[in-house]
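# Summary of structural features
Listed below are the residues making up each chain.
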Amino acid sequence: MPIKNISYWALYLKKYLTEEDDPRKDDDAFIDARAELAAATMEETRLKEGLTVNQAEERAITVLMEGL
């Protein structure tokens, strides 16, 4: 069985959804889409906006957790 490469953002979101017993905790497509958006936000805010790592991470987490 191949091991799926999972990102920090996906792990962060999956942990939250599991702790909250959210039915989306097993929705890999939902988790992956949110994780990709958070990663893109982190990269964009660091490279294009020049935010610090902490500032960029805060913005990425906001995107990751939006509406939850």
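In the block above lies the structure referred to throughout.
Residues numbered from 1 in each chain as written. Predicted model: local features only at pLDDT ≥ 70, side-chain atom pairs only at ≥ 80, totals over all residues. Heavy atoms only, no water.

Attention shifts here to the environment of glycine 50. Locating glycine 50 in the fold gives a position in the loop between helix 2 (28-47) and helix 3 (53-65). Given a relative accessible area of 56%, glycine 50 falls into the exposed group. Along the chain, glycine 50 and leucine 17 lie 33 residues apart, while their C-alpha atoms are 31 Å from each other. (Helix = DSSP H or I, 4+ residues; strand = E, 2+ residues; numbered from the N terminus. Buried < 20%, exposed > 50% of the residue type's maximum accessible area, 1.4 Å probe, protein only.)

Across all of its chains, the model carries five salt bridges by this definition. A salt bridge links aspartate 26 to lysine 14, with the shortest nitrogen-to-oxygen separation between them at 3.5 Å. Taken together, the residues aspartate 26 in the loop between helix 1 (8-19) and helix 2 and lysine 14 in helix 1 connect sequence positions twelve residues apart. Given the relative accessible area of 58%, aspartate 26 is considered exposed. A relative accessible area of 27% places lysine 14 in the partly exposed class. Lysine 25 serves as the salt-bridge partner of aspartate 21, at 3.1 Å between the closest nitrogen and oxygen. (Salt bridge = Lys/Arg side-chain N within 4 Å of Asp/Glu carboxyl O.)

Across its twelve residues, helix 1 extends 17 Å between first and last C-alpha, which sits within 8% of the 16 Å expected from 1.5 Å per residue. Looking only at helix 1, the buried set comprises Trp9, Ala10, Leu13 and Leu17. Each buried residue of helix 1 lies within a common arc of 95° when the element is viewed along its axis, so the set occupies one face. The outward face of helix 1, more than 90 degrees from its buried face, is lined by the exposed residues Lys15 and Glu19. Among the structural elements, helix 2 and helix 3 are those in contact with the buried residues of helix 1. (Expected span 1.5 Å × (residues − 1). Arc of directions from axis to C-beta. Contact = heavy atoms within 4.5 Å.)

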